[in-house]
Every structure is written in C-alpha cells, then in structure tokens.
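Each chain, written out:
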Amino acid sequence: MCVAVPAKIITISDNSAQIESMGVGKKIDISLVPEVCAGDYVIVHAGFAIQIVDSEEAQKILELFENYE
Amino acid sequence: MNDKISNIINKIYKISAALPQINIMEVCGTHTMAIVKNCLRQILPSKINLISGPGCPVCVTSNSDIDNIIELSEERKNYIFSFGDMLKVPGSKTSLYEKRSEGANIKLCYSPADALDFAVNNPEINVIFIAIGFETTAPLTAVLIKRAFQNNIGNFFIYNIHKLVPPAIQFLLDSESKNNIHAFLCPGHVCAVTGSIPFDFIARNYRKPCVISGFSPEDILESIYMILKQIVMDKPSAEIQYKWVVKEKGNQYALKCINEVFETGRSYWRGIGVIENSGLILKNEFKNFDAKKWFKIKDKNIPEPKLCICGDIMQGKKKPFECLLFGKKCTPDKPVGPCMVSSEGTCAAYFKYEINKT
C-alpha cells in the first residue's frame, strides 16, 4: 500500500524522527534519508522515510487534504 | 468534479479521438485501487483500456512460500512478524490467519523495525519478519539486516520474498502475445527509491510510453494524458508525472543499502512462474538471517488452485469477470486466488468497486 501523504520532520534523534502529518504525530525511522533536516517533508512507507520531497508541493497537498471534508 | 480534473478529461477525449484502442497497464496495486475507487475506467473514453499488472506483492507470493511460513509458525519459539495483508492468503491447507487463531505466534507490524526491536528485547525467542515487497520496501529490510549484523543479533531472521518490478515488466513485454500492452503507468513509490532510469528500457528497447504516476485521481489522469501525448507524437520515453516525489536517480542511499545486503536472483511469481533476476537474494555474508536456510525449510511442490486465473489477470491477459470463480466461489471473505486476498489485488478491487458497474 502506497500512502502518498507527506509528513513534516519536527525533531531528529539518531536514526529516528518525530513527524507530523495532518495533525497526527508519529515516530519514524530516517536511516534511508541521512541528509534529512528538521523542517523537511518526507514520504513515509511502513514507518521509514523513503524520500525527501519538494516542500512547496508537500505543503500544498497537505492543505488540500486538510480542507477536504 | 473539480475544474482541473474535468480539464484533463477533456484533453484526454480530444487527444484520443483519432487513436485506436490503447491498452495501458497500471503496474501498481495502489493505482488499481485508485482507478476502480474513483471510477476512472468509466470516466475515460472506452478506447482507453486500463489493465492491471503484477504490482501487488501479496498477490505474487507463491502458496509454497505461505506453507513454508506456516511451517515456521508451528515452532513455539518462533514469532512471525507480518504486514496485515499476508495473513489471509491461503496456503495449500490453511492460512496464517487461521494459524494465529489456533494460537501460533503471528504478530502484525506496521513497521519492520518493530520486528527487530522485539528480537532485541526478547533474546530467547526467534523473530521472523516476512520480508515482502518491491523496491519500496526492500531498503527497509536492508537497513534492518545491516543493523542486526552490526549489533550481532542472532535471533532475528527474514523470510525473504522481495521482488523487483523492472524485470517483471520486461518479462511481460518479452512474452507479450495476447495482452498487447501499449504503455505503462509506472509505480510512484517504487520509483521514489529506484528513480526513472531503471524504467528507461521500456521506451528505449520496446518503444512503449511509460509514465511514473502519483496516486491521486488527478495524478493518474494526467499520467494517462502524458502517455497519449507520447503516442500521438511517437516519442516514447520514461516520463515522471509524480515529480515532487520521484527524482530521476531515485534515492541513491536506499539503493546502496539494497546493493550492500542483496544480490539479484531468480524468483517465482505466483500465477506467472519464474522470472530471472527478479528476486533479491541475501548476500552470503548475511545468509544467517535467512529463515528458510537457518531453519532448513524445504519447498513443497504445490499446484495453484484449480480454475483460478489470477496468473492471466496479473499479466493483463484477462479481467476478473472472465473467471468462473469470481464473486461466486472466490470472494474477499473466502478468497481462492491471491488477487482476491490482498485489498490491492485486482479481483478484490473489482469485487469491491466494479461488480455493480458492468
């Protein structure tokens, strides 16, 4: 299952990061994106960030989801 | 329907007016779900024929592998960690779901890292993670194997059934007879890892358009329009529609992790058969993590269920409605073939969303 919702990196600690996506917080593994920084947006697959994504587009998509009723 | 979507649909109708029937295979199970859920097959011109491919990892897992995992679960000291969809897949006699209700130690995990953590915290038991999935999931497994290796974790194993997408597409193109695929809608998150380069051969060697697509209805429609444009201009290429996620070179670090831990080898795809170089095999230095080798599990020769046409469905040769079992003896509650088991399997998707539309 591919979930195409981006998540924002809030804080980083070693291999893991706290993320936030549509008001939901979660801890994920960031081993596969070693260059990731707090504030970046990532795509998460099965608890791992698999790619850092375009921040502007990620914000637009999150806004769309948030306004979707 | 929003303006942007109706605009793309108009463009698709306009550009396809002069074209013959176009068969487009969506390789990814999540695309299949998005297509049926949003009625895209009904919205599009009838000459755009969307066919589902072998892109649901659960669906292409052999029942012999399911039987092997069930055998592993019968040992009290073994804990099996699995993604949810695997549990209902029928082996030759039973499923992991039934085994669990009989008391076997089978745990669902959201992240494979949960399995390794459990192994670290419970050194007296054997933890076996069912390592299933394509290039999107393989780097996760690779990271865990590297971590377990570095930390000398002796009670963590994987039952490895990772597979690769491009060799399966090549197999379909080489064996193409009845399916006549004109173009491919390629999997967005596989390509987030691999990049677009491993898919270039589709355009270069077979002159078929291929567009790497996102998962929203708008993404899929735009990708279909991009495919049609390539056909009209006779300029096939591996184009990226899902640009905010997919880079041409993918995630180089994730690819490095895969290559450190795995090498390619032959792999059996349920309903299709053996495809050379389509599997990821643990390298020799990591062989002690291979549950099948460590616990000396031998493959059994188990035939596919009778009358089931999942193999033809996954190769785009037939649609679920052509199966005698579909919706009768084979339903999501009591699946016979693998395409009905996974929520992203073609038959399950058609059963849920298309059965009343024909």
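Here the structure is shown first, and the text comes after it.
For the structure given in this document, a descriptive report is provided here. Owing to the predicted nature of the structure, the values given are computational and were not obtained by experimental measurement.

1. Focus: the overall build of chain A
Piece 1. Secondary structure assignment for chain A yields one helix and five strands.
Piece 2. Each helix and strand of chain A, placed in order from N terminus to C terminus, yields the pattern β-β-β-β-β-α.
Piece 3. A compact globule built from 69 residues should have a C-alpha radius of gyration of about 11 Å, and chain A, at 11 Å, falls within 12% of that.
Piece 4. Counting only C-alpha atoms and orienting by the principal axes, one finds that chain A spans roughly 35 × 25 × 20 Å.
Piece 5. Pairs at least 24 apart in sequence give 29% of the contacts found in chain A among residues at least 6 apart.

2. Focus: the interface of chain B and chain A
Piece 1. Across the contact, 24 residues belong to chain B and 18 residues belong to chain A.
Piece 2. Of all the secondary structure elements, the ones that give two or more residues to the side of chain B that touches chain A are α6 (112–121), α7 (138–150), α9 (188–194) and α12 (252–261) of chain B.
Piece 3. Residues that form the side of chain B that touches chain A fall into these classes: 15 nonpolar, eight polar and one charged.

3. A look at the sheet that holds strand β9 (residues 238–240) of chain B
All names here are of chain B.
Piece 1. In space, the five strands of this open sheet follow the order β2-β1-β7-β8-β9, with parallel pairing throughout. Across the chains shown, the open sheet's two edge strands, defined by having one partner strand only, are β2 (48–52) and β9. The average undirected angle you get between the axes of adjacent strands in this sheet is 25°.
Piece 2. Where strand β7 (residues 183–187) and strand β8 (residues 210–213) come together, four bridges link them in parallel fashion. For Leu185, the partnering residue across the bridge sits in β8 and is Val211.

4. Considering the sheet that holds strand β3 (residues 78–82) of chain B
All names here are of chain B.
Piece 1. One open sheet holds the four strands; their spatial order is β4-β3-β5-β6, and the pairing between them is parallel. Edge strands, defined here as strands with exactly one partner in the open sheet, are β4 (106–108) and β6 (156–162). Taken pair by pair, the neighbouring strands of this sheet meet at an average axis angle of 25°, ignoring direction.
Piece 2. Bridge count for strand β5 (residues 126–133) against β6 is seven bridges, and the pairing is parallel. Its bridge partner being in β6, Val127 is matched across the sheet by Phe156.
Piece 3. Across the sheet, helix α4 (residues 63–73) touches β3, β4, β5 and β6, and the angle it forms with β3 is around 140°.
Piece 4. With respect to the sheet, α7 is in contact with β5 and β6, its orientation differing from that of β6 by roughly 155°.

5. Quick look at the pairing of strand β1 (residues 22–26) of chain B
The two faces of a sheet get side chains in turn, since along a regular strand they alternate between them.
Residues and elements named next belong to chain B.
Piece 1. Burial analysis of β1 places four of its five residues in the buried class, which makes it a mostly covered element.
Piece 2. Of the strand pairs in this sheet, β1 and β2 are connected by five bridges, and their pairing is parallel. Paired with Asn23 across the two strands is Asn49, which belongs to β2.
Piece 3. Bridge count between β1 and β7: three bridges; the pairing is parallel. Bridge pairing links Met25 to Phe184 in β7.

6. Points about unusual backbone geometry
Piece 1. Even without a glycine there, the phi angle at A:Asp14 is positive, about 55°.
Piece 2. By the secondary structure assignment, A:Asp14 is in the loop between β1 (6–13) and β2 (16–21).
Piece 3. Given 8 C-beta atoms within a 10 Å radius, A:Asp14 is considered exposed.
Piece 4. One non-glycine residue, B:Lys296, lies in the positive phi region at around 50°.
Piece 5. Its place among the elements puts B:Lys296 in the loop between α13 (291–294) and α14 (310–314).
Piece 6. Take B:Lys296: there are 6 C-beta atoms within 10 Å of it, and that puts it in the exposed class.

7. Section: helix α2 (residues 29–37) of chain B
Since there are 3.6 residues in each turn of an α-helix, residues three or four apart along the chain are aligned in direction.
All names here are of chain B.
Piece 1. Among the nine residues of α2, eight are classified as buried, and the element is accordingly described as predominantly covered.
Piece 2. Taken residue by residue, α2 has Gly29, Thr30, His31, Thr32, Met33, Ala34, Ile35 and Val36 as its buried positions.
Piece 3. Directly after α2, the chain includes Cys39, whose backbone phi takes a positive value near 55°.

8. Observations concerning the nonpolar core
Piece 1. Grouped together as the largest cluster of nonpolar side chains are 138 residues, with contacts concentrated most on A:Val42, B:Ile128 and B:Phe184.
Piece 2. When residues of this core are assigned to domains, at least three fall in each of domain 1 (3–57 + 165–240) and domain 2 (63–164 + 250–294) of chain B.
Piece 3. If sequence neighbours within four positions are ignored, B:Ile128 has contacts with B:Leu72, B:Asn78, B:Tyr79, B:Ile80, B:Phe81, B:Phe157, B:Tyr159 and B:Ala291.

Reading the values: the criteria
Residues numbered from 1 in each chain as written. Chains lettered and ligands numbered in written order. Predicted model: local features only at pLDDT ≥ 70, side-chain atom pairs only at ≥ 80, totals over all residues. Helix = DSSP H or I, 4+ residues; strand = E, 2+ residues; numbered from the N terminus. Rg over C-alpha atoms; globule rule 2.2 N^0.38 Å. Contact = placed C-beta atoms within 7 Å. Nonpolar A, V, L, I, M, F, W, Y, C, P; charged D, E, K, R; others polar. Pairing = 2+ DSSP bridges. Axes fitted to C-alpha atoms, helices over the stretch in contact; angles between N-to-C directions. Buried ≥ 20, exposed ≤ 12 C-beta atoms within 10 Å, placed from the backbone. Core = buried A, V, L, I, M, F, W, Y, C linked by C-beta atoms within 7 Å. Domains from an automatic or database assignment.

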